[in-house]
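Listed here are the chains, written in short residue letters.
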Amino acid sequence: SLEVALITAMEGDLAAPEAREGSRASPVAVAESLDAHWVETPVGKVEAKLSLPAGERPTALILLVHGMSPNPEVIWEWACIIEALRERKVAAVLPNLHSCERTAPSAASASDVVEALAAVATWAGSLCNGCPLLVYGKSWGGARAVEVSARLCPVGLVLAFPP
């Protein structure tokens, strides 16, 4: 069964991005250190950053869906948990929905975003040998996370909403 967690501002290394003020590197710097991949989706190419645990098979894959703002601090806000995920042997994929005209939050239809997110998750899953999928989303990205979860049936869904 699907486990759902709602995070508002809990403490800890896997907390909502705004609760991680003390992280070692900024989320933007972490995201910039990851290789960019262009994933072909049914609605166009979407940039995605992929984090894999070094030298180990991932135990899970997390699709990290950002909020609506085009600011890099929002697009890559989930990167603040990448180090903690790597330590736990968890892979993560961070799609930049602003990189494709049909998925840019200001003008996208929910169905186009779901198509793109499903394609990105499938692509990343193929690189992780089919490990269990979890979906994280914040604010606008939380709504998209719920919608794509209805399609992909992940083992978990985490929603973060700013206080």
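Residues numbered from 1 in each chain as written. Predicted model: local features only at pLDDT ≥ 70, side-chain atom pairs only at ≥ 80, totals over all residues. Heavy atoms only, no water.

A.B. asks: Can you help me understand the overall build of the protein in this one?
C.D. replies: For the protein, the helix and strand inventory stands at 5 helices and 7 strands. Along the protein, from the amino end to the carboxyl end, the secondary structure elements read β-α-β-β-β-α-α-β-α-β-α-β. For the protein, buried positions account for 51% of its 163 residues. In the protein, the share of contacts with a sequence separation of at least 24, taken over all contacts with a separation of at least 6, comes to 69%. (Helix = DSSP H or I, 4+ residues; strand = E, 2+ residues; numbered from the N terminus. Buried < 20%, exposed > 50% of the residue type's maximum accessible area, 1.4 Å probe, protein only. Contact = heavy atoms within 4.5 Å.)

A.B. asks: Help me understand the pairing of strand β6 (residues 133–138) in this model?
C.D. replies: Along a regular strand, successive side chains alternate from one face of the sheet to the other. Across the 6 residues that make up β6, a large majority, 5, are buried. With 5 bridges connecting them, strand β4 (residues 60–65) and β6 associate as parallel partners. Residue pairing across strands places Leu-64 opposite Tyr-136, the latter belonging to β6. Here β6 pairs with strand β7 (residues 156–160) via 5 bridges, running parallel. Along β7, the bridge assignment pairs Val-135 with Leu-157. On the question of chirality, the crossover connecting β6 to the parallel β7 by way of helix α5 (residues 140–152) is right-handed. (Pairing = 2+ DSSP bridges. Right-handed = clockwise from strand over helix to strand, strands pointing away.)

A.B. asks: Just to check I follow, could you spell out the pattern of salt bridges for this structure?
C.D. replies: If the charged atoms of two oppositely charged side chains come close together, the side chains can form a pair. Inspection of every chain in the model, using the stated rule, returns 5 salt bridges. The closest approach of N and O atoms between Glu-77 and Lys-138, which form a salt bridge, is 3.1 Å. One end of the pair, Glu-77, is in the loop between α2 (72–75) and α3 (82–87); the other, Lys-138, is in strand β6, with 61 residues separating them in the sequence. Each of the two residues, Glu-77 as well as Lys-138, counts as buried. Across the pair Arg-102 and Asp-112 runs a salt bridge, and its minimum N-O distance is 3.0 Å. Placement of Arg-102 in the loop between β5 (90–96) and α4 (110–127) and of Asp-112 in helix α4 is noted, with a sequence separation of 10 residues between them. Judged by relative accessible area, which is 44%, Arg-102 ranks as partly exposed. (Salt bridge = Lys/Arg side-chain N within 4 Å of Asp/Glu carboxyl O.)

A.B. asks: Sorry if this is basic, but what is going on with the environment of Glu-32 here?
C.D. replies: Mapped onto the secondary structure, Glu-32 falls in helix α1 (residues 27–33). Sequence separation of Glu-32 and Trp-76 is 44 residues, and the distance between their C-alpha atoms is 8.9 Å.

A.B. asks: Can you help me understand the nonpolar core in this one?
C.D. replies: Among soluble globular proteins, nonpolar side chains are generally buried collectively. Residues Leu-61, Leu-63, Val-93, Leu-117, Val-120, Val-135 and Val-148 are the most contacted members of the largest nonpolar core, which totals 29 residues. With 8 residues, α4 is the largest single contributor of residues to this core. Once you skip the residues sitting within four places of it in the chain, Leu-61 turns out to touch Ala-91, Ala-92, Val-93, Ala-121, Ala-124, Gly-125, Cys-128, Cys-131, Pro-132, Leu-133 and Leu-134. Counting 20 residues, the second largest nonpolar core, distinct from the first, contains Ile-62, Leu-64, Trp-78 and Cys-80. (Core = buried A, V, L, I, M, F, W, Y, C linked by side-chain atoms within 4.5 Å.)

A.B. asks: For this particular structure, what's the right way to read the packing of aromatic side chains?
C.D. replies: The tally for this structure, following the rule as stated, stands at 1 aromatic pair. Seen in terms of ring centroids, Trp-78 and Tyr-136 are 5.3 Å apart; in terms of plane orientation they differ by 80°. Their pairing is edge-to-face. Note that Trp-78 is positioned in the loop between α2 and α3 and Tyr-136 in strand β6, a separation of 58 residues in sequence. One exposure class covers both Trp-78 and Tyr-136, and it is buried. Over the ring of Trp-76 we find Lys-49, and its NZ or CZ is 5.4 Å from the ring centre. (Phe/Tyr/Trp six-rings, centres within 6.5 Å; stacked < 30°, edge-to-face > 60°. Lys NZ or Arg CZ within 6 Å of the ring centre and 35° of its normal.)

A.B. asks: Explanation requested: the packing of α4 against α5 in the structure shown.
C.D. replies: Describing two packed helices takes the angle between their axes plus the distance from one axis to the other. In the contact formed by α4 and α5, the axes pass within 9 Å of each other and the chain directions differ by 65°. By the criterion of interaxial angle, the relationship of α4 to α5 is roughly perpendicular. Relative to α5, α4 is oriented so that their crossing is right-handed. Residues Ala-110, Val-113, Val-114, Glu-115, Leu-117, Ala-118 and Ala-121 of α4 pack against Trp-140, Arg-144, Glu-147, Val-148, Arg-151 and Leu-152 of α5. By residue class, the composition of the contact of α4 with α5 is 9 nonpolar, no polar and 4 charged. (Axes fitted to C-alpha atoms, helices over the stretch in contact; angles between N-to-C directions. Parallel < 35°, antiparallel > 145°, perpendicular 65-115°, else oblique. Left-handed = near helix turned anticlockwise from the far one by under 90°. Nonpolar A, V, L, I, M, F, W, Y, C, P; charged D, E, K, R; others polar.)

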